[in-house]
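Notes for the structure review
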Amino acid sequence: MNTAHLNGAGEGLVVKAFLIGWRFDTTVICYILFAVVLAYAALLAVNKCNKLALKIIYIFCGMFFSLAFFISTADIPFFEHFFVRFNNTAFLWKNDINFAVLMILKEKNFYLFFVLFIAVECFFIFFLRRIYRYHRQLIQQHNYSDLSLPIFMPFILLVCGLIFIGIRGRIAKIPIHEGLAYYCDNAFLNQLGLNPIFTLGRSMEEAARSENALLHFMPDEEALRICAVDLRADPDLKDISPIARRQTTDDLFKGRNIVLVIMESMSTAKMERYGNTSHLTPFLDSLAAVAWSFDNVYTAGIHTFNGVYTTLFAHPALMARHSMQSYVRPISMAGFSNILSQHGYQTVFFTTHDEQFDNMAGFLSNNSFQRIVGRKDYPAAAVKNNMKVSDYFMFNYALPILSELHNTDAPFFSVLLTCSDHAPYGIDMRSGFKPRSDDIKKQATEFADWSLQQFMRKAALQDWFDRTVFVFIADHGSLADKMVYDIMLSFHHTPFIIYAPGCTTPFESPHLGLQSDVFPTVMARMGIPFINNTFGIDLLTEQHEYIVFSSNDKLAAMNDSLLYIYRTTMPDGLYRYREESVSNDKELYPLQYEYLQTKAFSRLQASQWMLENNKTALIF
């Protein structure tokens, strides 16, 4: 257990977490045993409990408990990465299962947990077999047909009754649910008591309900009205979209190329600029000091597909839904690629891995990306070890392609999605990189930063460098050592840097911002008049009163002092995050609580309505 997560919690609270965990574990065990006991009781009642029937029952029991052990083992790395117990979001990549499994198998830590599962499984099977043999001997030694059903019935009813109570988890009217694990102000302890099989089953049950196919936070009309007011929508453009408005623009970056780097897992928690003392990102820190740095920006979600989707098309992450796979019909989104391609820009997207992963190639191709460079384009020798190339390799591969685009005399828009700072880590020691750290995770961050530095140094030698705007933002952040809330701010707080050689001068903004603001903030300098039909704003001319972001099954709304967290299966809360207060103050600040809750719900509800009603398209 990472003691940093306990945040000063006393031993009594830790013990209570384990007692709560015992209740959830008992519930899962009783669910598995219920069918076993019923089958065994039925066989006894009809005197058919022979060797074959008993063996089938034990095989059934072994299979389900083995599955439970496997899920519980998988829950450890899942929780370590996402700070949430195992749930149905683990299957967001079901359409890319082969690639996802191969990526997992390349992660060395996986084998540690796999060995743990094998050890537990062997121990379990050994004792289950011994119990089965003993049980079989009892059946052979005793003739149960000599005993009447009334003798068995009271015992059967007693066992079934106890199992039923175990399934409910409590005698009270309302059965056990995730909210009962929420007993203190420590986010780690509140999740410690949960059972991953329970959370997986409940999340799948919730997702399967027809009423949960779409979000139903509030009426669509109310959500659209709220967003229209907050985004200063133009009533004359309501036929285009309820949030459409004409964007004020200038010519500062007119005619320039755009190189947008979406950095894997680059949380501000890794940067010295924001307090890290490990010297992991010297290049990014130095770049932020001489460029435009927006220091209070947050990502829309905690997955790469969230980051790509929101950075490029400025819509929020709809909680646990896969942004680029939820809609089977082609969707045209207002955003970088569509508007720039309409104005003569060449568009290209680079990724280090399989471009089909997360339906990336399909979604982006439908939104005016003319070329998508991924694993299919790289030499086989470069990708065979980790199913991807390193950031360093991708950047070097991209440079001549960008020069070719430049030589056509048409400007280009290029996106480079990095991946070396994500397990399995793609650190190329043959590149000349020399790590300072001994820890592999820190080395990966160092390598990602070093690769960016090498790219910018080589780009500076190209003819197109002085005519380009370089934009840097993370797809999402990563876990920090200290987690105060169950929605991790370090997993959302991202650097956002704009650097245009000979054009930008040192500037820093402390105001709240979102990943969705990258599009209008950059595009508003391109000298291209357009109607902003997105949820982003120009951070140089406008300010947010609040921001909204998602973390799988949780939703957050935040202003300068308060953080609202909506939890799908647990109580919501309001927290003074600047003070790292764990006290739920929703009753102390009822107006602010209602305000932020309404804003959070309206933002996602409005985005969903636009997607469902084909109101996301680009309009000039």
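These numbers come from a predicted model, not from an experiment.

**Considerations on the overall build of the chain**
Each helix and strand counted, the chain has 17 helices and 15 strands in total. Counting the 620 residues in the chain, one finds 55% classified as buried. Long-range pairs, those at least 24 residues apart, make up 74% of the contacts in the chain between residues at least 6 apart in sequence.

**A short note on the side chain of Arg-245**
With respect to the helices, strands and loops of the structure, Arg-245 is situated in strand S1 (residues 245–247). As a buried residue without a salt bridge, Arg-245 has its nearest oppositely charged side chain in Glu-542, at a separation of 5.8 Å. Within polar-contact distance, the side chain of Arg-245 engages the backbone oxygen of Ile-243 at 3.0 Å. Among the polar contacts made by the side chain of Arg-245, one reaches the main-chain carbonyl oxygen of Thr-534 at a distance of 2.6 Å. Those residues within four positions of Arg-245 in sequence are excluded, and the remaining contacts are Leu-231, Arg-232, Ala-233, Asp-234, Leu-237, Phe-530, Ile-531, Asn-532, Thr-534, Phe-535, Gly-536 and Ile-537.

**With respect to the pattern of salt bridges**
Considering all chains together, one arrives at 18 salt bridges under this definition. Between Asp-585 and Arg-576 there is a salt bridge, with the nearest N and O atoms lying 2.6 Å from each other. Several salt bridges converge on common partners, so that one network encompasses Asp-250, Arg-525 and Asp-538.

**Re helix H17 (residues 590–612)**
Structural remark: α-helix, 3.6 residues per turn; residues separated by three or four positions point the same way. End to end, H17 covers 33 Å across 23 residues, agreeing with the expected 33 Å (1.5 Å per residue, within 8%). Positioned one or two residues after H17, Asn-614 has a phi angle of 55°, which is positive.

**Section: the pairing of strand S13 (residues 554–558)**
Taking burial as the measure, the five residues of S13 include five buried ones, the bulk of the element. Alignment of strand S12 (residues 547–551) against S13, held across five bridges, turns out to be antiparallel. From the neighbouring strand, Ser-550 faces S13, where its bridge partner is Leu-555. What sits between S12 and S13 in their antiparallel hairpin is a turn of two residues, with Asn-552 showing a positive phi close to 55°. When S13 meets strand S14 (residues 563–567), the two strands line up antiparallel, connected through five bridges.

**Some remarks on a nonpolar patch on the surface**
There is a patch of nonpolar side chains on the surface, built from Leu-158, Leu-162, Phe-164, Ile-165 and Ile-171 and spanning about 560 Å² of accessible area. Mapping Leu-158 onto the fold places it in helix H5 (residues 149–168). Here Leu-158 falls in the exposed class, since its relative accessible area comes to 52%.

**Structural notes on the side chain of Thr-521**
Here Thr-521 lies in helix H16 (residues 518–523). Within the local environment of Thr-521, its side chain forms a polar contact with the backbone oxygen of Ile-537, the two atoms lying 3.4 Å apart. One polar contact links the side chain of Thr-521 to the main-chain amide nitrogen of Leu-539, over a distance of 3.0 Å. When residues no more than four places from it in sequence are discounted, the contact partners of Thr-521 are Phe-294, Phe-496, Ile-498, Ile-537, Asp-538, Leu-539 and Leu-540.

**Details of the sheet that holds S13**
Strand order in the open sheet formed by four strands is S12-S13-S14-S15, and the pairing between neighbours is antiparallel. The sheet is open, and its two edges are formed by S12 and strand S15 (573–575), each paired on a single side. Along the sheet, successive strands turn relative to each other by an average axial angle of 20°, direction set aside.

**Let's talk about the pairing of S12**
Strand residues, when the strand is regular, have side chains that alternate between the two faces of the sheet. For S12, a buried count of five out of five residues is recorded, marking the element as mostly surrounded by other parts of the structure. Going residue by residue along S12, you find Ile-547, Phe-549 and Ser-551 tucked away on one face and Val-548 and Ser-550 tucked away on the opposite face as well.

**Details of the packing of helix H9 (residues 282–290) against helix H15 (residues 440–459)**
It is the contact of H9 with H15, at a shortest axis distance of 7 Å, that shows an interaxial angle of 55°. One finds that H9 runs oblique with respect to H15. Counted together, Pro-282, Phe-283 and Leu-284 of H9 and Asp-449, Leu-452, Gln-453 and Met-456 of H15 form the full contact between these two elements. Residue classes in the contact of H9 with H15 are distributed as five nonpolar, one polar and one charged.

**Focus on the packing of aromatic side chains**
On inspection of all chains with the given rule, the structure shows 38 aromatic pairs. Here the aromatic rings of Phe-69 and Phe-124 are separated by 5.1 Å at their centres, their planes lie at 80°, and the arrangement is edge-to-face. With Phe-69 in helix H2 (residues 51–82) and Phe-124 in helix H4 (residues 108–141), this residue pair connects regions lying 55 residues apart in the sequence. Judged by relative accessible area, Phe-124 falls into the buried class, the value being 16%. Between the aromatic rings of Phe-114 and Phe-117, the centroid separation amounts to 6.4 Å while the plane-to-plane angle is 45°, which identifies the pairing as tilted. In this pair, Phe-114 and Phe-117 are both assigned in helix H4, three residues apart and thus about one turn of the helix distant. Overall, the relative accessible area of 36% leaves Phe-114 in the partly exposed class.

**Here we look at a positive patch on the surface**
Taken together, the side chains of Lys-51, Lys-55, Arg-129, Arg-130 and Arg-133 present a region of like positive charge at the surface. Looking at the positive patch, the elements with two or more residues in it are H2 and H4. The greatest single-element share of the positive patch, amounting to three residues, is contributed by H4. For Lys-55, the position within the fold is in helix H2.

Reading the values: the criteria
- Residues numbered from 1 in each chain as written.
- Predicted model: local features only at pLDDT ≥ 70, side-chain atom pairs only at ≥ 80, totals over all residues.
- Heavy atoms only, no water.
- Helix = DSSP H or I, 4+ residues; strand = E, 2+ residues; numbered from the N terminus.
- Buried < 20%, exposed > 50% of the residue type's maximum accessible area, 1.4 Å probe, protein only.
- Contact = heavy atoms within 4.5 Å.
- Lys, Arg positive; Asp, Glu negative; His and termini not counted.
- Salt bridge = Lys/Arg side-chain N within 4 Å of Asp/Glu carboxyl O.
- Polar contact = N/O pair within 3.5 Å; in protein donor to acceptor, adjacent residues only side chain to side chain.
- Expected span 1.5 Å × (residues − 1).
- Pairing = 2+ DSSP bridges.
- Patch = residues over 30% accessible without salt bridge, like charges linked within 9 Å, V, L, I, M, F, W, Y side chains within 5 Å.
- Areas by Shrake-Rupley, 256 points an atom, 1.4 Å probe, with all protein chains shown as cover.
- Axes fitted to C-alpha atoms, helices over the stretch in contact; angles between N-to-C directions.
- Parallel < 35°, antiparallel > 145°, perpendicular 65-115°, else oblique.
- Nonpolar A, V, L, I, M, F, W, Y, C, P; charged D, E, K, R; others polar.
- Phe/Tyr/Trp six-rings, centres within 6.5 Å; stacked < 30°, edge-to-face > 60°.
- Charge placed at Lys NZ, Arg CZ, Asp CG, Glu CD.

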